[in-house]
Amino acid sequence: MFQPKRKRPRLRKTMSGLIMLTLLSSLVLPGVVGAEPAHPPQIQFANESVQAGQTVDVPVVLKETDLPIKGYNMQIDYDNTALEIVGITPRAIDTNTNTNTNTNTNTNTPLSTQENSLAGFQSYVKNDEGWVRIIWTDLSEMQQLIDGEQTLFTIKFKAKANATLGQKQLKVSQDDSEHWHFVNSSFGMPGLLTGGTITITAASSGGNSSSPSTGSSGGGSAAPSPAPSTPSTPAATKGVDIYVNGQKQEQSATAATSTIDNKVTTTIQVDNNKVINQVGNGLRTLLLPVTGTGTNAVVGELNGRLVKTMEGSNAQVVIQTDTGTYTLPASQIKVDQVVKQLGGSATLEDVKFQIAITPSNDTKKAAIEAAASKMNNTTVIAAPVDFEVKAVYQGQQVDVNRFNSYVERTIALPKDTDGSKITTGVVLQADGTMLHVPTKVIKGTTNDAAVINSLTNSTYALIYHPATFTDISSHWSRTDVEDLASRLVVEGAGDNTFAPDRSITRAEFTAVLLRGLGLHSPESTVTTTFTDVNSDSWYENEVQTAVSYGLISGYTDNSFRPNSEISRAEAMTIVSRAMKLVDLAKADASETANLLGSYSDGSTVKTWAAEPVASAIKQGLVQGTDGKLMTDADISRAQTAAIVKRLLAKAGLI
């Protein structure tokens, strides 16, 4: 059930503590006659990660402005059940003489309370209601305008100890000038906002009271956490063989079996120098086979120097176990970024990268079974498996959990399990639900296996969820629709029908494409706000996710028009952007004319859609009807299922 949207709070002039704020607001809010700049100010709220019970600084940065800013006014809403503000520090103005940095966070008291603030920076926090109002205007005799990329101020948030884990979005009512406004010496104007995602993670069992905040752009987690538990039993160590480019390297690693957190684990420590010496021979693949050990939990351990060397050689590391196989390009680990998150002083030789394949614990198994029990006709075929990558250095740990391209994992099916009884792999979400990840089944000599591709690390399981609908039995799209429905990608229209010929909205098309690609949450680096995408809408997360991956951009009036039907040209444009994610080549300029020219209405394709449509034709994602593309026609639900399935199949993901 969706929660009703909370009414935006407004400040009341009758409150005695807001006299200065009211004065500043009157200076900032009115627009002044004048020609507005070509581009409004670009404001970015940092995306940060914080453990429950700890604090994190969130910088608010002016990224770009055509003209220097003389004042700004903004009200930021946050989830007060999970977050509270414990401090605000202005940055872009002289904090030694002209600003106030009192961090009193009483519910009804401005954070800045001195009366002689020349720089005019004021803030007011209401933690019990979940909002903060911040105003600045230049009240000095000498102009102190803000220009160029600068941090305006930093908000220190504390994640409550009992906070629900996951992403919390900082929000601003951008269509309300009382809540969002900027001025320079000539006129008032709105601004464009990105970012503002705070990810709350589980509290660790130790560590400091506050987390370093570095932001997260897709590699490691945003803040180092304590290193994993040490073995509770002595490790038995022996020399083992590994393979470089398929050639056996005798005694080039050691295997140590021990009990870690009540789980028998085999850890393979690579002789890093021996492998690095193979670079001159064209190092491409480092294979660590760990089978027949009697232990299902396996960790491959390499140091940062080896990973960095492999990154430069475009090499990959493969961990092969009885449970599954993990194939990880070294470039996706992003060594330099991880070292920076560990403080920047770590030497590559001293940073240990651990790549683990581990059967999930009983809690996760129960969560998968519980999620399946709530779905019709769903059976869990293989127990969940955790795939993890982490860096460890001097008691700190950084999780590497996001990648720039799809990373392959293979889960071995139980003996005598029929691979045709697998419809998809699923990822376990923090809220206990299961969502599709691109999966294909391959035949083996003894056991079949499921190959899963994902842009993140997580817990994965395999399910059987056959699905059909009463109104597609004789429809041309039956095979495509049933396939995607069994993968949890498309849903019915009610009463066990699919309505294949019904048009689809922009929000619905975006959601289906994202589910097919296995993209379930935004990248932390890019978010935006559309005027017609409400925070309580079912598609808000889908829209934010699509924006963050560069799949959609909206219209020039800052709208997305989620409930409008989407044309075939618009759909192919979004799909062509997804082709970059799945590494499919687009049509170049010389190909575009020829590809469009093979259709009778190819000359009518609008200029902005020409290359995307040609790219879809090139990859066989669209075929047209009766020699026509009909790009201006609305795309149907059946056509959507077909084009998404073809995209995934062409990319080798299903």
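On a predicted model such as this, the values are computed, not experimentally measured, just so you know.

*Asks:* I'd like a description of the pairing of strand E22 (residues 352-359), backed by residues and values.
*Replies:* Of all 8 residues in E22, 6 are buried, a share of seventy percent or more. As defined by bridge partners, strand E19 (residues 297-303) adjoins E22 across 6 bridges and the pair is classed as antiparallel. For Val298, the partnering residue across the bridge sits in E22 and is Ile357. Sheet analysis places E22 next to strand E23 (residues 379-393), joined by 8 bridges and oriented antiparallel. Across the sheet, Ala356 pairs through a bridge with Glu388, a residue of E23.

*Asks:* Any details on the packing of aromatic side chains? Residues and values, ideally.
*Replies:* Between two aromatic rings, the relevant description is the distance of the centres plus the angle of the planes. With the rule as written, the count across this model stands at 12 aromatic pairs. Taken together, a centroid distance of 6.3 Å and an interplanar angle of 40° make the contact between Tyr72 and Phe182 tilted. One end of the pair, Tyr72, is in strand E4 (residues 71-77); the other, Phe182, is in strand E10 (residues 180-183), and 110 residues separate them in sequence. Overall, the relative accessible area of 1% leaves Tyr72 in the buried class.

*Asks:* Describe unusual backbone geometry, and please don't skip the residues or the numbers.
*Replies:* When glycine is set aside, most residues are seen to have a negative phi, and most peptide bonds are trans. For Asn314, which is not glycine, the phi dihedral falls at a positive 55°. Note on placement: Asn314 falls in the loop between helix H3 (304-312) and strand E20 (316-321). At Arg561, a residue that is not glycine, the phi angle is positive and equals roughly 55°. Tracing the sequence through the fold places Arg561 in the loop between helix H8 (540-548) and helix H9 (568-581). In this structure Arg561 comes out as partly exposed when scored by relative accessible area, which is 34%.

*Asks:* So what's going on with the nonpolar core? Residues and values would help.
*Replies:* Among the nonpolar cores identified, the biggest contains 60 residues, and Phe509, Leu517, Leu519, Leu551 and Leu647 are the most heavily contacted of them. At the level of elements, helix H6 (478-486), helix H7 (506-517), H8, H9, helix H11 (607-618) and helix H12 (637-650) are the ones that each hand at least two residues to this core. Every residue in contact with Leu551, bar those within four places of it in the chain, is listed here: Leu513, Leu514, Leu517, Leu519, Ala546, Ile574, Arg577, Ala578 and Leu581. Core analysis: the next-biggest nonpolar cluster, separate from the first, contains 53 residues, Val290, Val298, Phe387 and Tyr460 among them.

Conventions used here
Residues numbered from 1 in each chain as written. Predicted model: local features only at pLDDT ≥ 70, side-chain atom pairs only at ≥ 80, totals over all residues. Heavy atoms only, no water. Buried < 20%, exposed > 50% of the residue type's maximum accessible area, 1.4 Å probe, protein only. Helix = DSSP H or I, 4+ residues; strand = E, 2+ residues; numbered from the N terminus. Pairing = 2+ DSSP bridges. Phe/Tyr/Trp six-rings, centres within 6.5 Å; stacked < 30°, edge-to-face > 60°. Core = buried A, V, L, I, M, F, W, Y, C linked by side-chain atoms within 4.5 Å. Contact = heavy atoms within 4.5 Å.

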